[in-house]
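One letter stands for each residue in the lines below.
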Amino acid sequence: MRLPWRRMRRKWRTRIAVLVIAAFVATNFFLVTRIRPQTVRTWIRDTGLFQIRYDPFGSSLSARACPLSQEVAVTRSRGSQEFPVCTMEDYSSHADIQMEAVWDSVSVGYPNLVVSVTGWVDTVRVDHWTNKPLTVILVPHSHQDPGWLKTMESYFGSFTRGTLDTAVDMLTSHPTWTFVWAEVVFLRMWWEGASMDRREKFKKLLASGRLEVVTGGHVMPDESLTHFAAILESLVQGQSWLKDTLNYTVENGWAIDPFGHSSTMAYLLHEAGIKNTVLQRAHFAVKREFARKRQLEFRWRQAWDPKGRHDVFCHLFPFLLYSIPYSCGPERHVCCQFDFHKRQCFRGTEKVPLLEVTKENVERLSWDLYEQLQKKAELYRSNVVLLPHGDDFRYATEADWRAQMSNMQALMDHINNNTQMAMKIQFGTLRTYFDAVHAEARESRLAFPVLSGDLVPYSDRGDQYWAGFYTSRPFIKYLARRLQSLLRSTEILYTFSSSLLGFDANMTSLYSKLEASRRTLAIVQHHDAITGTSKKDVMNDYRKKIADSIRDTGSILTSSAESLVRHKIGTQSVKIIYADGGLMQISQKELPVRLLVWNSLGKKRKEVASILIDTGNVTVTRDGSMTVPAQLGPAWQEDGAVNRKLFQLSFEMDASALQLSSYVIMQSTGVAKNQTSLYRVVEDTAHVQPNSSGLFPAKMMKTGEFSLSNDVISGTFSKCTGLLQSVQNLASGQRYDAAMSFVSYTTGQKGHPFRDKSGAYIFLPDGVAQYITEKPTVWLVKGVLFSQVWAVYKDFTLVTTVYEGNHSELRAGIDVEAHFNIGSSRWDNKELALRIHTNVFNEELAFCTDVNGFQLHKRKTRKKMTIQGNFYPMTTMAMIESTDLRVTLLSSYSHAVASLASGYLEVILDRRLIQDDWRGLNEGIKDNVPTSSRLFLLFEEQQKPLQNLKRNTMCFPSASAEKVSDLINNELSILKSTPFHPFVKRRSRESEGDPFEVKLVRDYDWLPCAHLVNLRLAYSNSMKSSSAMLTLQRKQLDCFVQDILPGCRHNKTATIDLTRLQLPKYSVTEITSKGSPDGFSRNAETMPLRDMSLMNYKINFK
């Protein structure tokens, strides 16, 4: 629970608060009387508060380091042309509640002038209610964070072990009591140390239904920043352990603490067999609106699923938090009386005494509880009421259990025996509650609304949007995605190696390391881990866990590659090395050296691979003699200076699907012919001296705007900032504005002195962002494979890459990498953002962001939600489009993104905050570390102008955008093979070309229109048999967008041929969400690929 209890607890604080409010009102009255009345009416109409509406850019446009180019973009005329068969239906009419329409109409006003002890006020009120017979299900629970103010291990020792020990003992001795538990990571830790007696009691409690494990995930994940594949890993980890260890199947979900809820999570729950779930953290205005319309229970439907095949029934808690004071009804000062262990109960600023239930007060307390439950029932459509009873780390001791349950039992007995109340209360679990609701719905023919969209952004108070955690501690977000990518790559290679070569002792021993890395990936999806919202020491613990798992996963990758290569070439003398700390580094004395490059995608890929080397006279070959295009350029240090000891060697990498490719780096004679040219870009050469670095003496280049081009696009750059200004499609002649600039948001540096400030959770800027006027040092690197522009600022660097010729599929767009380190005090209470100004306009102020990397949703920028309320999480991509143009921004890990004005995109890179934001962390974010972020820009054209741009609430990526996203989120794994084997005797005729190359699928481009999510090996408990889970996804693509990259064609249907995989004898079963698999034989040639849905196949090895 993120609610402090530190504010205004004494009467003198209340008096000061009254004076502050009076000063606030007087100041605002003084200001608004000097502004035109129409503006004042706008403020009042939008929110009911005296709060200035922002201008997203305003006068800050004049503060640029360099002026914008005034050239007007020209849109090419469209002649008659034929379009591919393309059907993209608008499904928005299939939902009763469309969240974008809700955001358009809902009032976001908050009663700021109400004084309370906590600073939060109730926004959901029930003024009228009627007596009716109710069934109340009381569900005891304890929310246990695997890391927040303490590390996971510390919490387990301090609270969790005792909670589970006591739960087993108390439930065993009290046959009417119940309990629910969510975090399987803690349950697993407890099980390993529990006595056999407690284990047996735990199993009996599960079988009896009085103890229910909910969701079954390894952790309760964040739902904004997490990638769907990582969420899936958390669910697989937890639910597989429950099934294998306890023979237990989860039925209901429980998500009470993630900071907003995503539709992708609802879909994944359905695929895991969960049909009902509980939600908590939705915007206070949404809860208020849903409560008014009695829509707090709904069927959550995917926007692309008009028939509701993947619907999940949801119960949304109506009040501020999930703790006991907010559980029984709308009046906190009444409900907090029913917390019989922690004595914190206030009405306004007056403390309400808490009493044990006695014969003298049971009547009054029972009527208090009865009234609150009747009021709560007014907010829902059924007469079954869910009464959760718990909080963070509750029920940890026997005293806590006895105080809570015994007192509640006394009240329940009194109410159940009072005929005037006509209410029945019982202990139960989520299964008890949802069974009762659905039974009443069938009997009374209750209809629940259908909701489509997301429950983001989240705000619990006024304009204090929880959009800060989208950016907080970006290094942990980068590490989490890196581990996810490496683990996926390793899983696939390990599965092939183990299944093809047999499960020998070495590969079996590596399985425990693989399982540990899987658990680490699942742990860091926790809603206080990847979000960056834990204490500094806890975040360091997460970082260490990830670093250890990256190292171990790298060792599994190398062992798997070793086994495959040794088997193919017939020698055990091969040793393979993986560089887990960045680019592979090679010294001259190692030459010649063989590199193995692993493409883990189910599709072909062609891009540029890079290593570091200390000599310039080298060549790159493949298949023994074929020279590979290569480029030797300067290596750069973290401070943006040229490294004088190392060079960056880049070469063209062309690999088929699931291929381990072989390249040889060898010494060459003479002067290197493939080196790049290095230029220092300046406005005036008179006062600047060029630096030189060995092979790369810097030349001076005095120029205006300059361009970098290939056969697809041409990018124009500013001479004084080195930042991209525009891009032209060379085939069509279409020109796009793409003016990049850096801006910063501040908090607490101006404005109202008593206004809260940004913190780990909250983004609360002072106002519009200010352009950073510092002029960087600009370097231009021109080469045969790619050219780069380096804009080196004091605390950050932006590297923009344009790929040359036909050497990379990434040549279709602009590759952007930001390196930043804002750890100094000059960045206190500031946030660094990258802004892109385009000429792609739409009058709706609409743009699209992905949801957990699984699907895209349309968003709209709304002034009433202030600057901070218009930022959304971007996991992999965002885009803006007009009726005929589109710009897509792709990302290698999660960021906050916004389109604050038509034609603009903005990404926040990092933030440094010196204070807490009153959500319980009790510290700011001052542990910034050097971090990098890879972004990519695609500039695309609609083949057929969109006519329904306004109506459609769905977004779809182009085939090119989806391909680029696959490439930058699943990077190549570069391995070094030692010792060097120049000639190897081939074992069989099927060995063609370089014997070190290993192809694991028979097709060059196996899955051009689908993504291989994972191929994940699982051993049986006895380690004597194994199977693998193959997970695929085929996204629905926007077939109106012109394809820039070759590959996927827009077919209505697609298939997959599993017989093309180089696997030993096996059988295949499709895993469905209903638990009744459809069988496929080993010889089945094709299987269907359905749009959007995940397809899971269990491969049983014989």
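Please refer to the structure higher up on the page.
Treat the numbers as computed from the prediction; the structure is a model and nothing was measured.

A.B. asks: So what about the overall build of the protein? Which residues, and what values?
C.D. replies: For the protein, the count of helices and strands is 17 helices and 52 strands. Burial status across the protein gives 65% buried among its 1102 residues. The long-range fraction of contacts in the protein, counting pairs at least 24 apart against all pairs at least 6 apart in sequence, stands at 76%. About 40400 Å² of surface is accessible on the protein, with carbon and sulfur atoms providing 51% of the total.

A.B. asks: So what's going on with the sheet that holds strand β15 (residues 585–586)? Residues and values would help.
C.D. replies: Taken together, the 4 strands give an open sheet; going across it, the order is β15-β17-β21-β20, and neighbouring strands pair in mixed fashion. The two strands at the open ends of the sheet, each matched to only one other strand, are β15 and β20 (630–636). Bridge count for β20 against strand β21 (residues 642–655) is 6 bridges, and the pairing is antiparallel. Note on β21: the bridge partner recorded for Gly633 is Gln648.

A.B. asks: Please provide a residue-by-residue account of the pattern of salt bridges, values included.
C.D. replies: Applying the stated criterion to the full structure yields 55 salt bridges. For Arg519, the salt bridge identified is with Glu515, shortest N-O distance 3.9 Å. Linking Arg519 with Glu515, this pair stays in helix α15 (residues 505–523), spanning 4 residues, or about one helical turn. Look at Glu515 and you get buried, because its relative accessible area is 15%. Close ionic contact of Arg886 with Asp1038 constitutes a salt bridge, the shortest N to O distance being 2.6 Å.

A.B. asks: Residues and numbers for the nonpolar core, please.
C.D. replies: Counting residues in hydrophobic clusters, the biggest one holds 224 residues, and the most contacted among them are Leu658, Phe742 and Phe871. Among the elements that line this core, the one with the most residues is helix α16 (residues 536–569), at 11 residues. Grouped together as the second largest cluster of nonpolar side chains are 36 residues, Trp120, Ala266, Leu279 and Cys314 included.

A.B. asks: With reference to specific residues and values, describe the state of the cysteines.
C.D. replies: Evaluated as defined, the whole model comprises 2 disulfides. With its sulfur 2.0 Å from that of its partner, Cys328 forms a disulfide with Cys335. Measuring the twist about the S-S bond at about -100°, one finds the Cys328-Cys335 disulfide to be left-handed.

A.B. asks: Outline the pairing of strand β39 (residues 885–891), listing residues and values.
C.D. replies: Burial analysis of β39 places 7 of its 7 residues in the buried class, the great majority of the element. Residues Leu885, Val887, Leu889 and Ser891 of β39 are buried on one face, and the alternating residues Arg886, Thr888 and Leu890, pointing to the opposite face, are buried as well. Note: strand β38 (residues 877–881) against β39, 5 bridges, orientation antiparallel. Within β39, the position partnered with Glu881 by the bridge is Arg886. In this sheet, strand β42 (residues 931–941) lies alongside β39 in antiparallel orientation, the contact comprising 7 bridges. When the sheet's bridge partners are listed, Ser891 is paired in β42 with Leu935.

A.B. asks: Got a sec to walk through the packing of aromatic side chains? Specific residues and values, please.
C.D. replies: Two descriptors summarise a pair of aromatic rings, namely the distance from one centre to the other and the angle between the planes of the rings. This structure, assessed with the given rule, holds 48 aromatic pairs. Residues Phe796 and Trp827 carry aromatic rings whose centres are separated by 6.4 Å and whose planes lie at 70° to one another, so their mutual orientation is edge-to-face. Of this pair, Phe796 sits in strand β32 (residues 796–803) while Trp827 is found in the loop between β33 (813–820) and β34 (830–838), placing the two residues 31 residues apart along the sequence. In terms of burial, Phe796 and Trp827 fall into one category: buried. The ring centre of Phe996 lies 3.9 Å from the NZ or CZ of Arg594, which sits over that ring. Looking at Arg680, its charged tip hangs above the ring of Trp779, at a distance of 5.7 Å from the centre.

A.B. asks: Explain empty space enclosed by the protein residue by residue, including any values.
C.D. replies: If you walk through the whole model with that rule in mind, you get 17 cavities of 30 Å³ or more. What the largest cavity holds in volume is close to 350 Å³. Residue lining of the largest cavity: 28 residues in total, with His227, Ala229, Gln484, Arg488 and Val1013 positioned closest to the centre. Among the secondary structure elements, those contributing two or more residues to the lining of the largest cavity are α7 (228–246), α14 (474–501), α17 (959–969), β46 (1011–1019) and β47 (1026–1033). Tallying contributions element by element places α14 first for the lining of the largest cavity, with 6 residues. Of the residues contributing to the lining of the largest cavity, the split by class is 8 nonpolar, 12 polar and 8 charged.

Conventions and cut-offs
- Residues numbered from 1 in each chain as written.
- Predicted model: local features only at pLDDT ≥ 70, side-chain atom pairs only at ≥ 80, totals over all residues.
- Heavy atoms only, no water.
- Helix = DSSP H or I, 4+ residues; strand = E, 2+ residues; numbered from the N terminus.
- Buried < 20%, exposed > 50% of the residue type's maximum accessible area, 1.4 Å probe, protein only.
- Contact = heavy atoms within 4.5 Å.
- Areas by Shrake-Rupley, 256 points an atom, 1.4 Å probe, with all protein chains shown as cover.
- Pairing = 2+ DSSP bridges.
- Salt bridge = Lys/Arg side-chain N within 4 Å of Asp/Glu carboxyl O.
- Core = buried A, V, L, I, M, F, W, Y, C linked by side-chain atoms within 4.5 Å.
- Disulfide = S-S within 2.5 Å.
- Phe/Tyr/Trp six-rings, centres within 6.5 Å; stacked < 30°, edge-to-face > 60°.
- Lys NZ or Arg CZ within 6 Å of the ring centre and 35° of its normal.
- 1 Å grid on protein atoms, 1.4 Å probe; cavity = no way out; pocket = protein on both sides within 12 Å on 5 of 7 lines; lining within 4 Å.
- Points joined across faces, edges and corners; volume = space filled by probe spheres on them.
- Nonpolar A, V, L, I, M, F, W, Y, C, P; charged D, E, K, R; others polar.

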